[in-house]
Amino acid sequence: MTKIVGKDLPNMPWQEPKGNEKLPVWRYDANPIIERFATKNSNSIFNSAVVPFGDGFAGVFRCDSKSISMDIFAGFSKDGINWDINDEPVTFEGAHPEVAKRDYRYDPRVCFIEDRYYVTWCNGYHGYPTIGVGYTFDFKTFTQLENAFLPFNRNGVLFPRKINGNYYMLSRPSDNGHTPFGDIFISESADMVYWGKHRHVMGKGEEWWQNVKIGGGAAPIETSEGWLLFYHGVTETCNGYVYSIGGAILDIEQPSVVKYRCSTFLLTPEEWYEERGFVPNVTFPCATIHDSKSGRIAIYYGAADTYVGMAFTEVNEVVAYIKENSVVTETDTEPGIR
Ligand code: BMA
């Protein structure tokens, strides 16, 4: 039996499977949970991250405006399903003026570590994407730190605790456009400012759904089998990219080592809100909420760059499925020392 290491969360959102699923991940039947015009200026709300907060939930949401400027907004929820998202974007304090000035902000992730909620996002710096880092205690006041990496980089995903004394972050070095390549790398930091010991985690797969590029998704979940990572895998068709959700398990002590990696997707665009929208055929995981007692996991994902959807799984079932269908290549297992 695989167990989640962490807190119990009896009030997390949950819906039982119908029983006819062929995969271990199933959608919430009232998706999308957040519609595109949910804030005053939004044209789409997607690729967003949520965490347990107080006796409910809080999050940071990507809301693209009606002029398609990209920014991040705080939001709150009692049940994890019905969200109240601020009309004004997050304002950060404390950053060096050169870092505070930014062209755009998108695809936030939120991760509780020790005593605060860290936020990472894709930060436009002099027109180039890189990883912005900040933190909050209350989702009202936010402090910004230095950008983690040089451009170009996207999909900065923190681990929820220090490993061997350091913070760890996944990221995906990229280019300034729609990036026709991309592997997941990992970096360490003692202070959340200086990042180093960069190691390769895994690259695109042989399988069609992840044969162009991959990127980190939700903050990894600590389990008795290793770090459970939901990530996105991308393929290319004559109508553009298709983004699916994949699963992998990383070594607890040495998370650059991939123990298992599922050869099939866990979820791929097939509902109207995933296939139809600003960018069709996108399912893009950015967060999970989970309960260690029951092993229940809710996955929050952006759908068609327009909506937020939610899907469910159970830790023992999904880990067993990933192990049964695992294809790990030699480059995936190398601890990054070449
Ligand atoms: C990526 C990012 C994501 C987006 C995806 C699909 O490059 O820009 O924010 O969801 O493309 O358009």
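Preceding block: the structure.
Calculation rules
Residues numbered from 1 in each chain as written. Predicted model: local features only at pLDDT ≥ 70, side-chain atom pairs only at ≥ 80, totals over all residues. Heavy atoms only, no water. Pairing = 2+ DSSP bridges. Helix = DSSP H or I, 4+ residues; strand = E, 2+ residues; numbered from the N terminus. Axes fitted to C-alpha atoms, helices over the stretch in contact; angles between N-to-C directions. Buried < 20%, exposed > 50% of the residue type's maximum accessible area, 1.4 Å probe, protein only. Near = heavy atom within 4 Å. Polar contact = N/O pair within 3.5 Å; in protein donor to acceptor, adjacent residues only side chain to side chain. Areas by Shrake-Rupley, 256 points an atom, 1.4 Å probe, with all protein chains shown as cover. Nonpolar A, V, L, I, M, F, W, Y, C, P; charged D, E, K, R; others polar. Contact = heavy atoms within 4.5 Å. Salt bridge = Lys/Arg side-chain N within 4 Å of Asp/Glu carboxyl O. Patch = residues over 30% accessible without salt bridge, like charges linked within 9 Å, V, L, I, M, F, W, Y side chains within 5 Å.

Run through the sheet that holds strand β11 (residues 153-158), naming residues and quoting values.
Across the sheet, four strands lie side by side as β11-β12-β13-β14; this open sheet has antiparallel pairing. Looking at the sheet topology across the chains shown, the edges are occupied by β11 and β14 (196-202). Direction aside, neighbouring strands of the sheet carry axes that sit 30° apart on average.

Could you give me a rundown of the pairing of strand β17 (residues 226-237), with the residues and numbers involved?
The buried fraction of β17 amounts to 10 of the 12 residues, a majority that puts the element mostly inside the structure. In this sheet, β17 lies alongside strand β15 (residues 213-216) in antiparallel orientation, the contact comprising four bridges. Note on β17: the bridge partner recorded for G216 is Y231. As judged from the three bridges shared by strand β16 (residues 221-223) and β17, these two strands associate in the antiparallel manner. Residue pairing across strands places T223 opposite G226, the latter belonging to β17. Between β16 and β17, which pair antiparallel in sequence order, lie two residues. Bridge count for β17 against strand β18 (residues 240-250) is 11 bridges, and the pairing is antiparallel. The residue of β18 that forms the bridge with L228 is I249. Between the end of β17 and the start of β18, which pair antiparallel, lie two residues.

Please provide a residue-by-residue account of the site of the ligand, values included.
Contacts to the ligand come from N47, R62, Y106, D107, Y243, V279, V282, F284 and D305. A distance of 2.7 Å separates an oxygen atom of the ligand from a polar side-chain atom of R62. Y243 is positioned with one of its side-chain polar atoms (N or O) 3.1 Å from an oxygen atom of the ligand. Considering the ligand on its own, with 310 Å² of exposed area, one finds that the protein chains cover 85% of that surface. Class assignment of the residues belonging to the shell around the ligand gives a composition of five nonpolar, one polar and three charged.

Run through the side chain of R27, naming residues and quoting values.
Summarising the element assignment, R27 is placed in strand β1 (residues 26-27). Of note is the side chain of R27, whose polar atom sits 2.9 Å from the backbone oxygen of T268. Dropping the residues within four chain positions of it, R27 is found in contact with Q15, L267, T268, E270, E271, Y273, E274, Y301, M310 and A311.

Please set out the environment of G75 residue by residue, giving values where relevant.
Along the chain, the position of G75 falls in strand β4 (residues 70-77). Looking at G75, the relative accessible area reads 0%, which means it is buried. Along the chain, G75 and V60 lie 15 residues apart, while their C-alpha atoms are 6.2 Å from each other. Ignoring anything within four residues of it in the chain, the contact list for G75 reads F57, A58, G59, F61, W83, D84 and I85.

Let's hear about the pattern of salt bridges: which residues, and what values?
Tallied over the full model, the rule gives 14 salt bridges. Taking the shortest distance from any N to any O, the salt bridge between R102 and D71 comes out at 2.6 Å. Here the residue R102 occupies a position in the loop between α1 (97-100) and β7 (105-113), and D71 occupies one in strand β4, the gap between them amounting to 31 residues. For D71, a relative accessible area of 11% puts it in the buried group. Between E225 and K323 there is a salt bridge, with the nearest N and O atoms lying 2.8 Å from each other. Taken together, the residues span a long stretch of sequence, with E225 in the loop between β16 and β17 and K323 in helix α3 (residues 315-324) at a distance of 98 residues. Accessibility expressed as a relative area gives 18% for E225, which makes it buried.

Give a description of a nonpolar patch on the surface that names residues and reports values.
Taken together, the side chains of I68, F278 and V279 define a hydrophobic patch exposed on the protein surface, amounting to about 230 Å² of accessible area. Assignment of secondary structure puts V279 in the loop between α2 (272-275) and β20 (283-290). When its relative accessible area of 30% is taken as the criterion, V279 is described as partly exposed.

Function-wise, these values are silent; they only describe arrangement.
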